Amino acid sequence: DVDPAVARTRAAADAAHEQLVDRYRAVWSRLSPAQKAEFGSHERAWLNGGRAEQERRCVETQPAATAALATQACRLAVTEQRLATLPAALIQASARP
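From a predicted model like this one, the values you see are computed outputs, not experimental measurements. (Residues numbered from 1 in each chain as written. Predicted model: local features only at pLDDT ≥ 70, side-chain atom pairs only at ≥ 80, totals over all residues. Heavy atoms only, no water.)

### Some thoughts on the overall build of the protein chain
Secondary structure summary: the protein chain contains four helices and zero strands in total. When the elements of the protein chain are put in sequence order from the N terminus, they spell out α-α-α-α. Classification of the 97 residues of the protein chain by burial places 27% in the buried group. Partitioning the contacts of the protein chain with sequence separation of at least 6, the portion at a separation of at least 24 is 68%. Carbon and sulfur atoms form 56% of the exposed surface of the protein chain, whose accessible area is close to 6300 Å². (Helix = DSSP H or I, 4+ residues; strand = E, 2+ residues; numbered from the N terminus. Buried < 20%, exposed > 50% of the residue type's maximum accessible area, 1.4 Å probe, protein only. Contact = heavy atoms within 4.5 Å. Areas by Shrake-Rupley, 256 points an atom, 1.4 Å probe, with all protein chains shown as cover.)

Structural data, given as structure tokens:
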């Protein structure tokens, strides 16, 4: 990206995405088969539609200077929001000896 603000925001959004992938792996490894089916279905629905809709609504309300910055800022915000909804406390508690 030519714009340093867009590049920084894209890097932050990419890092948040990697955290989300790591969280999915951690959650998945601790689920029963029945829980995996439910969790997988729910997350696929979000990944295949809900996420894009949330990002679109966010971009529409962004007072950002450019469309590129608004897009990356919303990628970051939506991913961070999703991270907050996943059971991190459960994962951390079950990972302890």
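### Looking at helix α2 (residues 33–61)
With 29 residues, α2 should cover 42 Å at 1.5 Å per step; its first-to-last C-alpha distance of 40 Å lies within 8% of that length. At leucine 47, α2 is bent by approximately 45°, the largest bend along its length. (Expected span 1.5 Å × (residues − 1). Bend = angle between axes of the 7 residues up to and from the residue.)

### Things to note about the state of the cysteines
What the rule picks out here adds up to one disulfide. In this model, cysteine 58 is linked to cysteine 74 through a disulfide, with the two sulfur atoms separated by 2.1 Å. Looking down the S-S bond of the cysteine 58 and cysteine 74 bridge, the torsion is -80°, so its handedness is left-handed. Linking cysteine 58 in helix α2 with cysteine 74 in helix α3 (residues 67–85), this pair joins segments that are 16 residues apart in sequence. Residues cysteine 58 and cysteine 74 agree in their burial class; the two are buried. (Disulfide = S-S within 2.5 Å.)

### Concerning the nonpolar core
Counting nine residues, the largest nonpolar core is built from Leu20, Tyr24, Val27, Leu31, Phe39, Trp46, Val78, Leu83 and Leu86. Within the residue set of this core, elements represented by two or more residues are α1 (4–28), α2 and α3. Of all the elements, α1 adds the most residues to this core, at three residues. When sequence neighbours within four positions are dropped, the list of residues in contact with phenylalanine 39 reads Tyr24, Val27, Trp28, Leu31 and Leu86. (Core = buried A, V, L, I, M, F, W, Y, C linked by side-chain atoms within 4.5 Å.)

### What about the packing of aromatic side chains?
A full pass over the atoms with the stated rule returns two aromatic pairs. Note on tyrosine 24 and phenylalanine 39: the rings are 6.0 Å apart at their centroids and 70° apart in plane angle, and the pair reads as edge-to-face. In this pair, tyrosine 24 is assigned in helix α1 and phenylalanine 39 in helix α2, connecting sequence segments 15 residues apart. There is no split in this pair, since tyrosine 24 and phenylalanine 39 are both buried. Ring geometry for tryptophan 28 and phenylalanine 39: centres 6.5 Å apart, planes at 50°, overall tilted. With tryptophan 28 in helix α1 and phenylalanine 39 in helix α2, this residue pair connects regions lying 11 residues apart in the sequence. Residue classification places phenylalanine 39 among the buried positions, given a relative accessible area of 16%. Joined through ring pairs, the aromatic side chains of Tyr24, Trp28 and Phe39 make up one cluster. The ring of tryptophan 46 carries the charged tip of arginine 51 above its face, separated from the ring centre by 5.7 Å. (Phe/Tyr/Trp six-rings, centres within 6.5 Å; stacked < 30°, edge-to-face > 60°. Lys NZ or Arg CZ within 6 Å of the ring centre and 35° of its normal.)

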